[in-house]
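Chain by chain, the residues:
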Amino acid sequence: MAKVRLENVCKQFGDVVAVKDFNLSIEDREFIVLVGPSGCGKTTTLRMVAGLETITSGNIYIKERLINRLPPKERDIAMVFQNYALYPHMTVFQNMAFGLEMRKTPKEEVRRRVHEAAEILGIEHLLDRKPKQLSGGQRQRVAVGRAIVRKPEVFLFDEPLSNLDAKLRVQTRVELKKLHERLEATAIYVTHDQVEAMTMGDRIVVMNEGVIQQVGSPLELYNAPKNKFVASFIGSPAMNFFQAELVRLGDVLSVQTPTFRLDLPNSSASDLKDYPEKRVIVGIRPEDLVETGEHVPGRTIEVIVEVIEPIGSETYIDVKAGEIPLIARVGRKTQVKRGQSFVLEPIPERIHLFDVQTEEALLRRRRD
């Protein structure tokens, strides 16, 4: 069972803490994605698992074996790098076979494994070419093939799609997910692209400044972010945020801005009954702002259209409610015009609230 476990792992570069108190258990055959902005520590974490960076403190286990001091070649891992790291003077076959040959694998076994991996990846016709004769997508397949022939317990991917164009990235991430299911191996995948993370990961680890912010399934992170950072990072376009006052009108709890008021569902009032503060951060996803007709105080927001961005299947509308900027994602058939006043209705059950100081989520949300 290729279970990977990181316990209290830290990494410092001089006075800089790159990874702090990292705890994570990765199940056998799980595809887990580390995601976060540049410099958040995700690649450093991956390199510590690979043995390319020494850990400052903590322990890393693969199959219950402590690997802190093991060299990379003894960890039973294979890594696919961002820049592919292919030898330019070797053919595709030689690149894929190199690691096996260094291990003194019999020639017939090397040939069999390389052709098997090439067939899986659809690159058998490229085995006699050199890297300079390949497209970016083909080089990426060769790099993955070099990892496959090793038959490792754990695959490590360090932003392998970042050098591909947008269309090829979409196609290749689907292929990688299918490949993982076919190989039935454990995979740890690093990316800064939250869409990539959402579409590929069984679970996602959101990191910021070397610290895990939240671990969960894609839908759990989307529906029930633990804090404002996760809420802002997961979802495209990003969640709208603005500050508001908590006010109670009879039995109804509302958030009040200088321009509009939004009544909260009864479940929200229950979650906040003991909350001492009067000011909160409100979060509403663009897709949860519904275009509507009549303005209803407490339920809708009157806005002015500033920018319209049609992207084919849907339209993004940048609007302003008084001094509060918002983005709404509406249908492609919308008739709104720039400078027009119209009405948006947030879905009440999907309004998020965060503490102004800690930025932690205040409401319980369904995770599925």
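This text goes with the structure placed above it.
Thresholds applied
Residues numbered from 1 in each chain as written. Predicted model: local features only at pLDDT ≥ 70, side-chain atom pairs only at ≥ 80, totals over all residues. Heavy atoms only, no water. Core = buried A, V, L, I, M, F, W, Y, C linked by side-chain atoms within 4.5 Å. Buried < 20%, exposed > 50% of the residue type's maximum accessible area, 1.4 Å probe, protein only. Contact = heavy atoms within 4.5 Å. Salt bridge = Lys/Arg side-chain N within 4 Å of Asp/Glu carboxyl O. Helix = DSSP H or I, 4+ residues; strand = E, 2+ residues; numbered from the N terminus. Phe/Tyr/Trp six-rings, centres within 6.5 Å; stacked < 30°, edge-to-face > 60°. Lys NZ or Arg CZ within 6 Å of the ring centre and 35° of its normal.

Participant: Outline the nonpolar core, listing residues and values.
Facilitator: With 45 residues, the main nonpolar core has Met96, Val144, Phe157, Leu176, Tyr189 and Val206 as its most contacted residues. The contacts of Val144, once residues within four sequence positions are left out, are Val80, Leu121, Phe157, Leu176 and Leu179.

Participant: Any details on the pattern of salt bridges? Residues and values, ideally.
Facilitator: Inspection of the entire model under this criterion finds 21 salt bridges. Ionic pairing is found between Glu153 and Lys63, a salt bridge with its closest N-O pair at 3.2 Å. Remark: Lys63 occurs in the loop between strand E4 (57–62) and strand E5 (65–66) and Glu153 occurs in the loop between helix H4 (136–148) and strand E7 (154–158); sequence separation between them is 90 residues. According to the relative accessible area criterion, Glu153 is partly exposed, its value standing at 25%. The partly exposed category is assigned to Lys63, whose relative accessible area is 39%.

Participant: Quick one: what's the story with the packing of aromatic side chains, residue by residue and with numbers?
Facilitator: Each aromatic ring pair is summarised here by two numbers: the centre-to-centre distance and the angle between the ring planes. Under the counting rule described, the total for this entry stands at 7 aromatic pairs. Plain terms: the ring middles of Phe229 and Phe233 are 5.8 Å apart, the flat faces sit at 20° to each other, and that makes the pair stacked. Separated by 4 residues within a single helix, Phe229 and Phe233 lie in helix H8 (residues 228–233), roughly one turn from each other. Phe233 shares its class with Phe229; the two are buried. Looking at Arg5, its charged tip hangs above the ring of Tyr61, at a distance of 4.2 Å from the centre. Over the aromatic face of Tyr222 sits the side chain of Arg285, whose NZ or CZ is 4.2 Å from the ring centroid.

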